[in-house]
Amino acid sequence: EAGVVQSPRYKIIEKKQPVAFWCNPISGHNTLYWYRQNLGQGPELLIRYENEEAVDDSQLPKDRFSAERLKGVDSTLKIQPAELGDSAVYLCASRRAYNEQFFGPGTRLTVL
Amino acid sequence: QQQVKQSPQSLIVQKGGISIINCAYENTAFDYFPWYQQFPGKGPALLIAIRPDVSEKKEGRFTISFNKSAKQFSLHIMDSQPGDSATYFCAASKYQGAQKLVFGQGTRLTINP
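Keep in mind the model is a prediction, meaning the values are calculated, not measured. (Residues numbered from 1 in each chain as written. Chains lettered and ligands numbered in written order. Predicted model: local features only at pLDDT ≥ 70, side-chain atom pairs only at ≥ 80, totals over all residues. Heavy atoms only, no water.)

**Student:** Got a minute to help me understand the interface of chain B and chain A in this structure?
**Tutor:** Size of an interface: often given as the accessible area lost when the parts come together. Counting residues at the interface gives 19 residues for chain B, matched by 20 residues for chain A. Summed over both partners, the interface of chain B with chain A comes to about 1,500 Å²; 47% of that surface belongs to carbon and sulfur atoms. Across the contact surface, chain B and chain A share 1 salt bridge. Residues that form the side of chain B that touches chain A fall into these classes: 9 nonpolar, 8 polar and 2 charged. (Contact = heavy atoms within 4.5 Å. Buried area = accessible area lost by both parts, 1.4 Å probe. Salt bridge = Lys/Arg side-chain N within 4 Å of Asp/Glu carboxyl O. Nonpolar A, V, L, I, M, F, W, Y, C, P; charged D, E, K, R; others polar.)

Structural data, given as structure tokens:
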């Protein structure tokens with residue numbers, strides 16, 4: 001089966017610009033996670049979806065970050081406006097109940 | 001109480017040697033302890049995982065040792081190979097429900113030929 005797909009793989013933007021990341025989870029995986037991985041660190045959870053519902057967004061900086069998962073499949077994570085400190089790799093993962101999480105390759109964001 | 005502490009930050013091992021990476025957790029509610037392997041430009045991939053009902057789990061050259069009383073677990077890579085050179089992350093969570101993984105800081109492993 002196909003893995004988790006993310007695009008774009010790389011993005012370079014100026015600060016204060018908006019940016020969006022897209023994730024297509026593995027078919028049949030109803031749980032979707034967005035993580036942020038800073039350089040040299042482990043991933044940190046930003047938001048978790050169960051189907052189309054955001055059930056855990058306590059770590060999402062809501063003043064500038066937003067996410068959606070329409071129809072419980074694809075998901076988009078948006079940052080507006082981006083700040084220098086947002087430079088990181090944004091990882092998407094998906095999971096079927098009682099199974100492991102599968103990660104996508106990530107989007108590397110550089111904010112100049 | 002959500003932290004997972006991982007050591008060492010970096011490790012260099014000769015080919016054929018044993019690589020050992022250690023992690024400690026604080027939350028006693030955690031009952032799922034996976035190890036992830038990450039190559040440059042790739043997302044983390046599950047390598048091996050353990051539940052606290054056993055003290056050791058082995059899959060090929062990879063072994064997890066788990067010490068519930070000390071709240072520690074470790075990854076042993078036997079007969080380390082250059083292809084094992086990657087960054088390794090331990091993580092912990094509750095197994096049921098959300099599986100909100102808390103990751104360690106990572107260990108960059110280099111296997112010298």
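**Student:** Explanation requested: the sheet that holds strand 8 (residues 75-79) of chain A in the structure shown.
**Tutor:** For sheets, the rule is that strands pair by backbone hydrogen bonds, running either parallel or antiparallel. Residues and elements named next belong to chain A. With antiparallel pairing, the 4 strands of this open sheet are ordered in space as 1-3-8-7. Edge positions in the sheet fall to strand 1 (5-7) and strand 7 (65-68), since each of these pairs with one other strand and no more. Taking the axes of each pair of neighbouring strands and ignoring which way they run, one obtains an average angle of 15° across the sheet. Here 5 bridges tie strand 3 (residues 19-24) to strand 8, and the two strands are oriented antiparallel to one another. Bridging from a neighbouring strand, C23 pairs with S75 of strand 8. (Pairing = 2+ DSSP bridges. Helix = DSSP H or I, 4+ residues; strand = E, 2+ residues; numbered from the N terminus. Axes fitted to C-alpha atoms, helices over the stretch in contact; angles between N-to-C directions.)

**Student:** Just to check I follow, could you spell out the nonpolar core for this structure?
**Tutor:** In a soluble, globular protein the nonpolar side chains are often hidden away together inside. Ranked by internal contacts, the top residues of the largest apolar core, which has 25 residues, are B:F33, B:W35, B:F73, B:L75 and B:Y88. When residues in this core are grouped by element, the largest group, 4 residues, is from strand 9 (residues 86-92) of chain B. Residues contacting B:F73, with those up to four places away along its chain left out, are B:I21, B:N22, B:C23, B:Y25, B:F33, B:W35, B:I64, B:S65, B:F66, B:C90 and B:A91. Grouped together as the second largest cluster of nonpolar side chains are 21 residues, A:V19, A:L32, A:I47 and A:I79 included. (Core = buried A, V, L, I, M, F, W, Y, C linked by side-chain atoms within 4.5 Å. Buried < 20%, exposed > 50% of the residue type's maximum accessible area, 1.4 Å probe, protein only.)

**Student:** Would you take a moment to explain the state of the cysteines for this structure?
**Tutor:** Put plainly, a disulfide is one covalent bond tying together the sulfur atoms of two cysteines. Residue and element names in this part refer to chain B. Here the structure, examined in full by the defined rule, presents 2 disulfides over all chains. Residue pairing for C23: its cysteine sulfur links by disulfide to C90, the two sulfurs lying 1.8 Å apart. What sets the handedness of the C23 and C90 disulfide is the S-S torsion sign, and at about -90° it is left-handed. Note that C23 is positioned in strand 3 (residues 19-25) and C90 in strand 9, a separation of 67 residues in sequence. Of the residues examined, C23 reaches a relative accessible area of 3% and is grouped as buried. Residue class for C90 comes out buried when judged on its relative accessible area of 0%. (Disulfide = S-S within 2.5 Å.)

**Student:** Explanation requested: the packing of aromatic side chains in the structure shown.
**Tutor:** Centre-to-centre distance and the angle between the planes together describe a pair of aromatic rings. Taken as a whole and assessed by the stated rule, the structure comprises 16 aromatic pairs over all chains. Taken together, a centroid distance of 4.7 Å and an interplanar angle of 45° make the contact between B:Y25 and B:F33 tilted. A residue is classified by how much of its surface remains accessible, and B:F33, at 0% relative accessible area, is buried. An aromatic cluster is defined as three or more aromatic residues linked by ring pairs; in this entry it consists of A:Y33, A:Y35, A:F103, B:Y36, B:F89 and B:F103. (Phe/Tyr/Trp six-rings, centres within 6.5 Å; stacked < 30°, edge-to-face > 60°.)

**Student:** Looking at this structure, I do not really get unusual backbone geometry. What am I missing?
**Tutor:** Most peptide bonds take the trans form, and the phi angle of most residues other than glycine is negative. Each neighbour pair has its own omega, and for A:Q80 with A:P81 the value is -5°, a cis peptide bond. Counting through the fold element by element, A:P81 comes out in the loop between strand 8 and strand 9 (88-95). The omega angle of the peptide bond from B:S7 to B:P8 is -5°, so this bond is cis rather than trans. In this structure, B:P8 sits in the loop between strand 1 (4-7) and strand 2 (10-14). Look at A:N51: it is not a glycine, yet its phi comes out positive at around 55°. Structurally, A:N51 is set in the loop between strand 5 (44-50) and strand 6 (53-56). Judged by relative accessible area, which is 36%, A:N51 ranks as partly exposed.

**Student:** It is not clear to me how a nonpolar patch on the surface should be interpreted in this structure. Could you clarify?
**Tutor:** Residues and elements named next belong to chain B. Residues I18, I20 and M78 make up a contiguous nonpolar surface patch of about 240 Å² in total accessible area. Looking at the secondary structure, you find I20 in strand 3. Judged by its relative accessible area of 36%, I20 falls in the partly exposed class. (Patch = residues over 30% accessible without salt bridge, like charges linked within 9 Å, V, L, I, M, F, W, Y side chains within 5 Å. Areas by Shrake-Rupley, 256 points an atom, 1.4 Å probe, with all protein chains shown as cover.)

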